[in-house]
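# Examination of the molecular architecture
The primary structure of each chain is shown beneath.
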Amino acid sequence: MIEVVSESRCVSCNQCVSVCPTNVFDRGEDGIPVIARQDDCQTCFMCELYCPVDALYVAPDSEQVIGISEQEAEQQGLLGGYREKVGWGKGRKPVASHDYMYRLSLFARF
Amino acid sequence: MSDSAERQLTADVLVIGGGPAGAWAAWSAATNGAKVVLVDKGYLGSSGATAPGGTNLLYLPPDKEMREQAVASRMKQGGYLAEPAWIHRVLDQVYTNLELIEKWGYPFVRDENGTPMRDHLHGPEYMAIMRKVVKRAGVKVLDQSPALELLVDEFGVGGARGVSRQDDLTWEVRANAVVIATGGCAFLSNGLGCNVLTGDGYLMAGEVGVELSGMEFTRKYAPSPAFGSNTRSRLLGWATYYDSDGNEIVGGRQGDFLAEALLKGPVYAIMNKADTPEKQAFLRKSHAIFFLPYDRAGIDVFTEPFPLTLRYEGTVRGTGGIRIVDDDCSTTVGGLFAAGDAATRERITGSASGGGAFNASWAICSGTWAGKGAAAHALSHRQSAATRDLKPAGRYGLGGVASSFENVVPSQELIKEIQDQVLPLTINYFRTEQGLKQALHRLDNVWNRVNSQTPQNVREQVRARETAAMAATARWMYTAALSRKETRSGGLHGLAEYPGQDEEQQHRLLVSGLEEVSVRTEQVPVSGVAVTAVAATSEEVQAG
């Protein structure tokens, strides 16, 4: 589930509010989105992908809240990890343009 | 809902749903000259089962022999309930559309001969492109705007009503044609991207008298981490399975073994068939979403056991949905079309799952056809939908009719009761007549209370309607399942009491009705021959 909105990184673009398929966020009065309906989070990681400044962290647990803090997520290098792997963001090559999937189907078993 | 909506729009075509099928339908309708509005519960680009993952496609080059072979193999696998002409149509159409996707900027990799490898799409990339294309085609997109009910008059459907959940206002879109592309129903089982798929379109269609087909073919679960949501399991082909004592459980990714093992106790997997650093590095790169939950949970999947579960996928990887009666994916009600997982996929998959390749190609093709058909239908109307005498068709889960405060039922309570009958492997995977009868009885009981929900705000309003949709879907599923007294090829339906495939039941099952659910059979149309129904036990619905 979504656990962290990093106030220090957030640029108040509210992309996460717009793109969340289950409408988990509310716009915050101070511009920082608020996790308003955490129970509705479906752990699809889309908000993280669309966040332009890697300010979000979605924990892998879809069944319960684990309560990780912004500081812990930052220290463990968890912010932005998925976007990097998918190759979204400036100067990156999207995973779609790699031949991994093609090769995977060639080597159904190594 | 109140009589007049706060936001009112008029268009030629309204598309409900912003996954791949809805996106293609909207693009297709707009390209064919229609003024189009697309509404999505979430966001066109991130909503639905496709966006957060990746998807393989049913895609073959125009090689006659190769295609004939694929069609013959699918016919057998799908228990001969599919239609060769429809599989060929999809193969033709998807080839054209994938060329378009490439033209629109999708970076397909080319092989050593320069041939583009168009049999896989990365979900986020694909849907980001579709959003751009749809908007560029002039479609008005309303995100975060769940539809709650259709509008109808004696000529058929003429739009829908819903709520804009971030602005807290109601909307009404009038349109002479409506495409339902709301996806399937996965009963909030927390599969990747699937919690928006609650059968909303099935209920809307059911309320205007449209039948559903193939709802018995819904016995589909996907492996996922026990703690997480990732139901994309392709890489489990490199896994070995263990019980809690560390004894190996033998079996593949398909089949009954995982379900049987989970009945006995926890199941763990280790991806130890990828046994060199090179293989491991390659798998990691190829499938970022698969590794994400494990990495974040601190589990090295190549050496450490991780707990697995099976998450129910309902009609998302099952094949049932709204019955479509013509090449343009129209339904039996005037102006109403269905596409993607909202529609039955039996015409191309029969009784086998379309999960993976077939459904993705189906979404592209059925969306394209439905959009074009809807545009043609709407543009042939002389009268604007704005002047039609339309009435809201929603009857269930819309709140406001609980007879007294004591009778109020929280949606969450009903959802749990529905899930208790639908999610357990013991009821829905290992199907028995007795088990399904009992479950259906309990679901009838839930159904009797869907109108005792009293939503107090927009969020609760959407939830209450979803609850009614899930209850209706579950009843249709089990009613159809009890009527198919056999175990048909494809693994999507079987009853313990009837283990074999019965030639006499090589037909489709159509369910309809909400208070009382009825079933009738339909012969599989022979290519080129119009759809006919036999043994009608319910009234013929209004024809378009």
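Residues numbered from 1 in each chain as written. Chains lettered and ligands numbered in written order. Predicted model: local features only at pLDDT ≥ 70, side-chain atom pairs only at ≥ 80, totals over all residues. Heavy atoms only, no water.

## Examining the overall build of chain B
Within chain B, the secondary structure is distributed over 15 helices and 20 strands. Across its three principal directions, the C-alpha atoms of chain B cover 70 × 60 × 50 Å. Of all 544 residues assigned to chain B, the portion counted as buried reaches 63%. Accessible area of chain B: about 19,500 Å², with a carbon and sulfur share of 49%. If you average the places of the 54 positive and of the 61 negative side-chain charges in chain B, the two averages end up 4 Å apart. (Helix = DSSP H or I, 4+ residues; strand = E, 2+ residues; numbered from the N terminus. Buried < 20%, exposed > 50% of the residue type's maximum accessible area, 1.4 Å probe, protein only. Areas by Shrake-Rupley, 256 points an atom, 1.4 Å probe, with all protein chains shown as cover. Lys, Arg positive; Asp, Glu negative; His and termini not counted. Charge placed at Lys NZ, Arg CZ, Asp CG, Glu CD.)

## Side note on the sheet that holds strand 14 (residues 306-312) of chain B
Across a sheet, paired strands are connected by hydrogen bonds in the backbone, their directions being either parallel or antiparallel. Taken in spatial order, the 5 strands make up an open sheet running 10-14-13-11-12 (chain B), and their pairing is antiparallel. Across the chains shown, the open sheet's two edge strands, defined by having one partner strand only, are strand 10 (221-225) and strand 12 (248-249) of chain B. (Pairing = 2+ DSSP bridges.)

## Topic: the pattern of salt bridges
Overall, the coordinates contain 38 salt bridges over all chains when judged by the stated rule. Taking the shortest distance from any N to any O, the salt bridge between Asp40(A) and Arg463(B) comes out at 3.5 Å. Of the two residues, Asp40(A) is situated in the loop between strand 3 (34-35) and helix 2 (46-50) and Arg463(B) in helix 15 (residues 458-483); the pairing between them involves two chains. Since its relative accessible area comes to 23%, Arg463(B) is described here as partly exposed. (Salt bridge = Lys/Arg side-chain N within 4 Å of Asp/Glu carboxyl O.)

## Some words on the confidence of the model for chain B
All names here are of chain B. Taken residue by residue, chain B gives an average pLDDT of 93. The fraction at 70 or more is 94%. For the stretch residues 528-544, pLDDT sits under 50, and the model shows 35 contacts to residues farther than four places along the chain or on other chains. Predicted complex, confidence summary: ipTM 0.95, pTM 0.95. (pLDDT = per-residue confidence, 0-100. Contact = heavy atoms within 4.5 Å.)

## Looking at the domain arrangement of chain B
All names here are of chain B. Split by domain assignment, chain B resolves into domain 1 (7-217 + 314-392), domain 2 (221-312) and domain 3 (405-499). Put simply, the middle of domain 1 and the middle of domain 2, counted by C-alpha atoms, are 32 Å apart. Contacts between domain 1 and domain 2 engage 14 residues on the former and 9 residues on the latter. Approximately 950 Å² of surface area, both sides summed, lies buried where domain 1 meets domain 2, with 43% of it carried by carbon and sulfur atoms. If you sort the residues of domain 1 by the area they bury against domain 2, Ser-189, Leu-192 and Arg-317 come out on top, with a joint share of 45%. Where domain 1 touches domain 2, the interface holds 0 salt bridges. At the surface where domain 1 touches domain 2, the tally comes to 7 residue pairs in polar contact (both at pLDDT 80 or more). Of the residues assigned to the side of domain 1 that touches domain 2, the class counts are 5 nonpolar, 8 polar and 1 charged. (Domains from an automatic or database assignment. Buried area = accessible area lost by both parts, 1.4 Å probe. Polar contact = N/O pair within 3.5 Å; in protein donor to acceptor, adjacent residues only side chain to side chain. Nonpolar A, V, L, I, M, F, W, Y, C, P; charged D, E, K, R; others polar.)

## Description of the interface of chain B and chain A
Across the boundary between the two partners, chain B contributes 53 residues, which contact 45 residues of chain A. Broken down residue by residue, the surface that chain B buries against chain A is led by Trp238(B), Phe282(B) and Arg296(B), which jointly contribute 17%. Applying the counting criterion to the chain B and chain A interface returns 4 salt bridges. When the shortest N-O distance is used, the salt bridge between Arg311(B) and Glu63(A) registers 3.1 Å. At the boundary of chain B and chain A, one finds 18 residue pairs in polar contact (both at pLDDT 80 or more). At the level of elements, strand 4 (120-122), helix 4 (123-136), helix 7 (277-286), helix 8 (288-296) and helix 15 of chain B are the ones that each hand at least two residues to the side of chain B that touches chain A. Tallying contributions element by element places helix 8 of chain B first for the side of chain B that touches chain A, with 6 residues. For the side of chain B that touches chain A, the class distribution of residues is 23 nonpolar, 16 polar and 14 charged.

## Examining the packing of aromatic side chains
Aromatic rings considered in pairs are described by the distance between their centres and by the relative angle of their planes. Within this structure, the stated rule accounts for 22 aromatic pairs over all chains. Residues Tyr50(A) and Tyr43(B) carry aromatic rings whose centres are separated by 6.2 Å and whose planes lie at 75° to one another, so their mutual orientation is edge-to-face. Placement of the pair is Tyr50(A) in helix 2 and Tyr43(B) in the loop between strand 2 (36-39) and strand 3 (54-56), with the two residues belonging to separate chains. Looking at Tyr50(A), the relative accessible area reads 14%, which means it is buried. When the centroid spacing of 5.2 Å and the interplanar angle of 85° are considered together, the rings of Phe290(B) and Phe291(B) count as edge-to-face. (Phe/Tyr/Trp six-rings, centres within 6.5 Å; stacked < 30°, edge-to-face > 60°.)

## Description of unusual backbone geometry
Residues and elements named next belong to chain A. Located in the positive-phi region is Asn-14, a residue other than glycine, with phi close to 60°. Take Asn-14: it is sitting in the loop between strand 1 (2-5) and helix 1 (15-19). Asn-14 gets classed as buried once you look at its relative accessible area, which sits at 10%. Unlike most non-glycine residues, Thr-43 shows phi in positive territory, near 55°. Position of Thr-43 relative to the elements: it lies in the loop between strand 3 and helix 2.

## Looking at empty space enclosed by the protein
Residue and element names in this part refer to chain A. Using the criterion set out here, one finds 3 cavities of 30 Å³ or more in the structure. Of the pockets and cavities examined, the largest cavity occupies roughly 100 Å³. Lining of the largest cavity is provided by 14 residues; of these, Cys-20, Pro-21, Cys-41, Cys-44 and Cys-47 occupy positions nearest its centre. Considered as a void within the structure, the second largest cavity measures approximately 80 Å³ in volume. What lines the second largest cavity is a set of 14 residues, and nearest its centre among them are Cys-10, Cys-13, Cys-16, Cys-51 and Ala-55. (1 Å grid on protein atoms, 1.4 Å probe; cavity = no way out; pocket = protein on both sides within 12 Å on 5 of 7 lines; lining within 4 Å. Points joined across faces, edges and corners; volume = space filled by probe spheres on them.)

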